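Fold and contact review
Next come the chains, spelled out residue by residue.
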Amino acid sequence: MTKVIKGGTVVTADRQYKADVLIDGETILEIGENLKGDETIDASEAYVIPGGIDPHTHLEMPFMGTTAAETFESGTWAAAAGGTTMLIDFVLPGEDGSLVNAVNEWHRKSGKQICSDIGFHMAITGWSKQIWEEMAQVVDMGVNSFKHFMAYKGALMVEDDEMYASFQRCKELGALPMVHAENGDIVAELQKKYLAMGITGPEGHAYSRPPEVEGEAANRAIMIADAAGTPLYIVHVSCEQAHEAIRRARQKGMRVYGEPLIQFLTLDESEYFNKDWEHAARRVMSPPFRNKEHQASLWAGLAAGSLQVVATDHAAFTTAQKHMGDGDFTRIPNGTGGLEERLGVLWTEGVDTGRLTPEEFVAATSTNIAKILNIYPRKGALVPGADADIVVWDPSISKTIAASTQKSVLDYNVFEGRKVTAQPRYTLSRGEVIFAWGQNSQPQPGRGRFVPRPPFSSANRALSKWKELNSPRKVERDPMNIPSGV
Ligand code: DUC
Ligand code: ZN
Ligand code: ZN
Ligand code: ZN
């Protein structure tokens, strides 16, 4: 069975051109003029883009005494409705601390539910011989990225020596280290300080996590990555201080990647101040929203290429869950939604305003992260042989974002009332239409697949020591890197 997407303007990360896209089964067969297929999908007056990839979600994540409300089913449906055909979810180790068991648990939770394809990152929340060993198994299971929390002291936070050891292990295994960059010690001090001052509401969350705390951690993580000889991916970059660290590192030839969130680009810190408790608490996430100067820095970074990826950190807690933190901002579950809105809001605030070209939009929502996570060109590209994850992106469909019409299970939307100027006419996942504008049918849960991501070749691993690392000599396992058994 073939399908042809007809009459649209194909937009990739580097160009736009009029062409039809012929799909055979699950993959793209040909891109060219006057193509014919068994079935026709109309793309006239629309763009044809690679499906969005959201590299940062927390579906059904146990966190801060509760579990994120978005399920793999509702999350992948919401994603499809917004033009996102793949998401990468963060696996957190459970009580037993086993990474392998955690990956299996995420497969168990997600497998029957997912409506589109997914991948996993693994979180490193401590350090032991078992973790060191299991990291190799996790890479064999198709997970080639490990995230380190520099915040959440007493819970998820890792120390510098642990991070250094883990980064070296990543280097050996061809995996990409990632960090949540916030200085957890300073955050803990500031939380105590503001609570002691009687500031207990959500504004205390913003006060206790200033940009300096993020900038310090970003700089430290970059230096540790350089010492370990690995690239580094910094998740949820919210401020100029972290962006500056990334810019500087890249200028020196280091492979450091930065991921601003759609929320940080378009929502600012005024959401926390002089607002009712619920309004502010629904927007509590870490790092918090910043002021307009920081937003301008992030937009500039996307245009200049010093920031590469726009994600959501979709961690959806209902209003009832947010109320768990009544009377103490440190207990408000951290997280906001955005999976369904990411492309529409970025198009409206980025492309419509002239801040981004359509090609830069495609790069930031799909192509760049596919390259960074080693799934390109199977994902993130419109080329023959690639998975037919494709969106017919229609700049004549506008809508006003409202919780009442979203696919997400949340009972609110942080973008409520915002008008977006383009939406998917069709979303295809491996050749199947899983969303059509104006129709409300849900894609089949369980049709999605886990996409294993292979380890990187040594050329991709190198940072500033790239010449040394790039030599054909196989990297020896370094006995100094084996933890003494905590
Ligand atoms: N930040 C959040 O806001 N939620 C989930 C985890 C994180 O780092
Ligand atoms: Zn984080
Ligand atoms: Zn996150
Ligand atoms: Zn309450």
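Residues numbered from 1 in each chain as written. Chains lettered and ligands numbered in written order. Predicted model: local features only at pLDDT ≥ 70, side-chain atom pairs only at ≥ 80, totals over all residues.

With that settled, the discussion passes to the overall build of the chain. Scanning the chain from N- to C-terminus turns up 16 helices and 19 strands. Its C-alpha atoms give the chain a radius of gyration of 22 Å, within 12% of the compact-globule value 23 Å for 486 residues. In terms of overall dimensions, the chain has a C-alpha envelope of 65 × 60 × 40 Å along the principal axes. A total of 486 residues make up the chain; the buried ones form 56% of that total. At a minimum sequence separation of 6, the contacts of the chain that also span at least 24 residues come to 76%. (Helix = DSSP H or I, 4+ residues; strand = E, 2+ residues; numbered from the N terminus. Rg over C-alpha atoms; globule rule 2.2 N^0.38 Å. Buried ≥ 20, exposed ≤ 12 C-beta atoms within 10 Å, placed from the backbone. Contact = placed C-beta atoms within 7 Å.)

Our next topic: the packing of helix α2 (residues 99–110) against helix α3 (residues 129–140). One way to put it is that α2 packs onto α3 with a least axis distance of 8 Å and a crossing angle of 40 degrees. Classified by the angle between their axes, α2 and α3 sit oblique to one another. Residues Leu-99, Val-100 and Val-103 of α2 lie in contact with α3, whose contacting residues are Ile-131, Glu-134, Met-135, Gln-137 and Val-138. For the contact of α2 with α3, the per-class residue count stands at six nonpolar, one polar and one charged. (Axes fitted to C-alpha atoms, helices over the stretch in contact; angles between N-to-C directions. Parallel < 35°, antiparallel > 145°, perpendicular 65-115°, else oblique. Nonpolar A, V, L, I, M, F, W, Y, C, P; charged D, E, K, R; others polar.)

Moving on to the sheet that holds strand β10 (residues 117–124). Across a sheet, paired strands are connected by hydrogen bonds in the backbone, their directions being either parallel or antiparallel. Read across the sheet, seven strands follow the order β6-β9-β10-β11-β12-β13-β14 without closing on themselves; strand pairing throughout is parallel. In the strand order of this sheet, the two ends are held by β6 (52–57) and β14 (256–260), each with one partner. The mean inter-strand angle of the sheet, taken between neighbouring strand axes irrespective of direction, is 25 degrees. Against the sheet, helix α1 (residues 72–81) engages β6 and β9 (84–91), with an angle of about 145 degrees to β9. (Pairing = 2+ DSSP bridges.)

With that settled, the discussion passes to the site of ligand 1. Around ligand 1 lies a shell formed by His-58, His-180, Met-285, Ser-286, Asp-313, Ala-315, Asn-334 and Gly-335. Classifying every residue of the shell around ligand 1 by side-chain character gives two nonpolar, five polar and one charged. (Near = placed C-beta within 6 Å.)

It is worth spelling out the UniProt feature "domain: Amidohydrolase-related" (unreviewed entry) in the chain at this point. Mapped onto this structure's residue numbering, the UniProt feature "domain: Amidohydrolase-related" (unreviewed entry) falls at residues 47–418. As annotated, residues 47–418 has a helix share of 40% and a strand share of 16%, and its two end C-alpha atoms lie 22 Å apart. (UniProt positions renumbered as here; feature names shortened; annotations may be inferred.)

The next point concerns the pairing of strand β5 (residues 47–50). Direction of pairing for strand β1 (residues 2–11) relative to β5: parallel, over a ladder of two bridges. Paired with Thr-9 across the bridge in β5 is Tyr-47. Bridge count between β5 and strand β15 (residues 390–394): four bridges; the pairing is antiparallel. Paired with Pro-50 across the bridge in β15 is Ile-390.

Attention now moves to the nonpolar core. Counting residues in each nonpolar core, the largest one holds 137 residues, and the members touching the most others are Val-21, Val-48, Met-122, Ala-221 and Ile-234. Ranked by residues supplied to this core, first place goes to helix α7 (residues 211–228) with eight residues. Apart from residues no more than four positions distant in its own chain, Met-122 is found in contact with Val-91, Leu-99, Val-103, Val-138, Val-143 and Phe-146. (Core = buried A, V, L, I, M, F, W, Y, C linked by C-beta atoms within 7 Å.)

Moving on, we get to the UniProt feature "modified residue: N6-carboxylysine" (unreviewed entry) in the chain. Per the UniProt record, the feature "modified residue: N6-carboxylysine" (unreviewed entry) sits at Lys-147. Relative to the helices and strands, Lys-147 resides in strand β11 (residues 145–149). Lys-147 gets classed as buried once you count the C-beta atoms within 10 Å, which come to 21. Apart from the residues lying within four places of it in its own chain, the contact partners of Lys-147 are Phe-90, His-121, Ala-123, Ile-124, Met-178, Val-179, His-180 and Val-235.

Turning to the environment of Pro-377, a few remarks are in order. When you line up the elements, Pro-377 lands in the loop between α14 (358–372) and β15. When the 17 C-beta atoms within 10 Å are taken as the criterion, Pro-377 is described as partly exposed. Counting along the chain gives 10 residues from Pro-377 to Thr-367, while the straight-line C-alpha distance between them is 8.3 Å. Residues contacting Pro-377, with those up to four places away along its chain left out, are Val-383 and Ala-386.

With 12 residues, helix α8 (residues 240–251) should cover 16 Å at 1.5 Å per step; its first-to-last C-alpha distance of 16 Å lies within 8% of that length. For α8, the complete set of buried residues consists of Glu-240, Gln-241, Ala-242, His-243, Ala-245, Ile-246, Arg-247 and Ala-249. Each element contacted by the buried residues of α8 is listed here: α7, β13 (232–237), β14 and α11 (292–304). Once α8 finishes, Gly-253 follows within two positions and takes phi at roughly 95 degrees, a positive value. (Expected span 1.5 Å × (residues − 1).)

The next thing to look at is the packing of helix α4 (residues 160–173) against α7. For the pair α4 and α7, interaxial distance at closest approach is 9 Å and the crossing angle is 45 degrees. Relative to α7, the element α4 lies oblique. Like other packed secondary-structure pairs, α4 and α7 cross with a definite hand, here right-handed. Every residue of α7 that contacts α4 at Asp-160, Met-163, Tyr-164, Phe-167, Gln-168 and Lys-171 is listed here: Ile-224, Ala-225, Ala-227 and Ala-228. For the contact of α4 with α7, the class distribution of residues is seven nonpolar, one polar and two charged. (Left-handed = near helix turned anticlockwise from the far one by under 90°.)

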